[in-house]
Amino acid sequence: MGFRCGIVGLPNVGKSTLFNALTETQAAQAANYPFCTIEPNVGQVAVPDERLDKIAAIAKSAKIIPTQLGFVDIAGLVKGASQGEGLGNQFLGNIREVDAIVHVLRCFEDDDIQHVANKVDPLSDAEVVETELMLSDLESLEKRVPAAAKRGASGDKEAKATASVLGQALELLREGKPARLTEPRDDEEARLFAQAQLLTAKPVLYVCNVAEEDAAEGNALSAQVFAKAQAEGAEAVVVSAAIESELVAMPAEDRAEYLAELGLTESGLSRVIRAGYKLLGLKTFFTAGPKEARAWTFPGGAKAPQAAGEIHSDFEKGFIRAETVAYDDYVTLGGEAPAREAGKLRQEGKDYVVQDGDVLHFKFNV
């Protein structure tokens, strides 16, 4: 299963610069004018995980394959997007296709970089984007809810459930609140709500793009964004897109020293990835052997067959059992064979809920 985060924000806040740095490519054209990103650029980012390196060393794996998270650089939005202004319709369509929204907010002053509103105010910028997403959802639901309610009154049970859960979302939007605050009453309503693909139902990660000197501690502007995120139950991180661009350009062995000089212990990539994982409720399991050690992404709460399906659909269909070693046991004991001898290798069945860090070997028959 691939997970994709859409990078959004007003023009000239650093979206494409951040995308280029994250994916270590120059796939997205970074330019100092609105709409330089016309088609959404898509990049797969390797997720940094020290556990994978340790597992590979123990298993003496010939290859190391990290798991990945997708990022989509989406064209800049302007006020009126919900009515088709600028590249509004395309922007909204692109957001509908991602799992989470990475909302880049400008938290730095620079007279050489034009701001579309001629002022630096991240909370105002966030409101512009959020308002357009809400207006789009509101317009959609004001048509869909009455139609579903009418079918529900005629005896259509699914339509009745749809009208119930989307009606709740509609009321929230009318109050100026995002649809993600909707609380489905059961699994069926949850399925129908997800199926609606509402823009404001998607989880949000705020990325505060700050100047180099503020990368370690943030600044007054980023503090405002963090307060907003906390109030909404969202996530926020501080990143300097300028620093990330410099990191990409230098040899890998020099990056740690450069970050230390700036008072940083990790790159912005690591912070964004970790926050994105947390936002989407994602976990990682590992497979290891002489040929390769590999990390796999799975949604938290998944049972062993679903996790096996991340490798191949046949693994899920013909699942028999999962030989499981917890990461700490694998590393402490020195691998699968010592873990087996110590009684730490478990045989888990179809109802086992996979834990973050599990080292798994699936048995299946198709």
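Structure shown above.
Every chain is numbered independently, its residues counted from 1 as its sequence is written. The predicted origin of the model limits local features to residues at a pLDDT of at least 70 and limits the giving and counting of side-chain atom pairs to 80 or more, whereas totals for whole chains, interfaces and linings rest on all residues. Note: side-chain values were computed over all heavy atoms of the structure, leaving out hydrogens and water.

Visitor: Residues and numbers for the overall build of the protein, please.
Guide: To qualify as a helix, a DSSP run of H or I must reach at least 4 residues; to qualify as a strand, a run of E must reach at least 2; elements of each kind are numbered from the N terminus. Helix and strand counts for the protein stand at 14 helices and twelve strands. Buried, partly exposed and exposed residues are distinguished by accessible area as a fraction of the type maximum, computed with a 1.4 Å probe on protein chains only: under 20%, between the cut-offs, and over 50%, respectively. Within the span of the protein, comprising 366 residues, buried residues form 49% of the whole. Look at the contacts in the protein between residues 6 or more apart in sequence, and 68% of them connect residues 24 or more apart. All accessible areas in this document rest on Shrake-Rupley with a 1.4 Å probe, and a residue is counted as covered only by the protein chains that are shown. With the model as given, the accessible surface of the protein reaches about 17,600 Å², and the carbon-plus-sulfur share is 49%. By definition, residues are in contact when any of their heavy atoms lie within 4.5 Å.

Visitor: Describe the packing of helix H4 (residues 122–153) against helix H5 (residues 157–174), listing the residues and the values that go with them.
Guide: Axis definition: a line fit to C-alpha positions, over the contact stretch in the case of helices; interaxial angles, taken between N-to-C directions, run 0 to 180 degrees. Two elements in contact, H4 and H5, have axes whose closest approach is 8 Å; the angle formed by their N-to-C orientations is 150°. In terms of orientation, H4 lies roughly antiparallel with respect to H5. Pair H4 / H5 crosses with left-handed handedness. In this structure, H4 contributes Met134, Asp137, Leu138, Leu141, Glu142, Arg144, Val145, Ala148, Ala149, Arg151 and Gly152 to the contact, and H5 contributes Ala159, Lys160, Thr162, Ala163, Leu166, Gly167, Ala169, Leu170, Leu173 and Arg174. The classification used treats Ala, Val, Leu, Ile, Met, Phe, Trp, Tyr, Cys and Pro as nonpolar, Asp, Glu, Lys and Arg as charged, and all other residues, Gly among them, as polar. Of the residues belonging to the contact of H4 with H5, the class tally is twelve nonpolar, three polar and six charged. Put simply, angles under 35 degrees are roughly parallel, angles over 145 are roughly antiparallel, angles from 65 to 115 are roughly perpendicular, and the rest are oblique. The crossing is said to be left-handed when, going from far helix to near helix, the turn is anticlockwise and less than a right angle, and right-handed when the turn is clockwise.

Visitor: An account of helix H6 (residues 187–195) is needed here, citing residue identities and associated values.
Guide: If you check which residues of H6 are buried, you get Glu189, Leu192 and Phe193. Taken end-on, H6 shows its buried residues confined to a sector of 100°, consistent with a single buried face. When the buried face of H6 is taken as reference, the exposed residues oriented beyond 90 degrees from it are Asp187 and Ala194. Lining the buried residues of H6 we find H5. For H6, the capping residue at the N-terminal end is Asp186, with a side-chain oxygen 3.2 Å from the backbone nitrogen of Glu188. Picture the helix axis, draw a direction to every C-beta atom, and the arc is the one those directions span. Throughout this description, a polar contact denotes any pair of N or O atoms lying within 3.5 Å of each other; where both atoms belong to protein, one of them has to be capable of donating a hydrogen while the other can accept it, and for residues adjacent in sequence the pair is counted only when both atoms sit in side chains.

Visitor: So what's going on with the sheet that holds strand S5 (residues 100–106)? Which residues, and what values?
Guide: Within a sheet, each strand pairs with its neighbour through backbone hydrogen bonds, oriented either parallel or antiparallel. Taking strand neighbours across the sheet as the criterion, the six strands line up as S2-S4-S1-S5-S6-S7 in an open arrangement whose pairing is mixed. At either margin of the open sheet sits one strand with a lone partner, and together these are strand S2 (41–46) and strand S7 (235–239). Direction aside, the axes of adjacent strands within the sheet are offset by 25° on average. Sheet topology note: the S5/strand S6 (residues 204–209) ladder contains six bridges and is parallel. For His103, the partnering residue across the bridge sits in S6 and is Tyr206. DSSP-based pairing: two strands are paired if at least 2 bridges between them are found.

Visitor: A description of the pattern of salt bridges should follow, citing residues and the corresponding values.
Guide: One speaks of a salt bridge when a side-chain nitrogen belonging to Lys or Arg is within 4 Å of a carboxyl oxygen belonging to Asp or Glu. Across all of its chains, the model carries 18 salt bridges by this definition. Among the charged side chains, a network of salt bridges with common partners joins Glu130, Arg180, Lys228 and Glu232.

Visitor: Hey, could you go over the nonpolar core for me, with residue numbers and the actual values?
Guide: The nonpolar core is taken to be a set of buried Ala, Val, Leu, Ile, Met, Phe, Trp, Tyr and Cys residues, with the residues joined through side-chain atoms within 4.5 Å. Leu22, Leu69, Phe71, Leu205, Tyr206, Val207 and Val272 are the most contacted members of the largest nonpolar core, which totals 51 residues. With seven residues, helix H10 (residues 268–280) is the single largest residue contributor to this core. Leave out the neighbours within four places in its chain, and Leu205 touches Ile101, Val102, His103, Glu235, Ala236, Val237, Val272, Ala275, Gly276 and Leu279. Counting residues in hydrophobic clusters, the runner-up holds 14 residues, among them Ala308, Phe315, Val354 and Leu360.

Visitor: Describe in detail the packing of aromatic side chains, supporting the description with residues and values.
Guide: Pairing of aromatic side chains requires ring centres within 6.5 Å, counting the rings of Phe and Tyr and the six-membered ring of Trp. Pairs whose planes differ by under 30 degrees are stacked, by over 60 edge-to-face, and all others tilted. Scanning the model with the defined rule gives five aromatic pairs in all. Each ring, one from Phe285 and one from Trp296, has its centre 6.3 Å from the other, and the planes form 15°; the classification is stacked. Of this pair, Phe285 sits in strand S8 (residues 282–288) while Trp296 sits in strand S9 (residues 292–299), and the two are eleven residues apart along the sequence. Grouping residues by exposure puts Phe285 and Trp296 together as buried.

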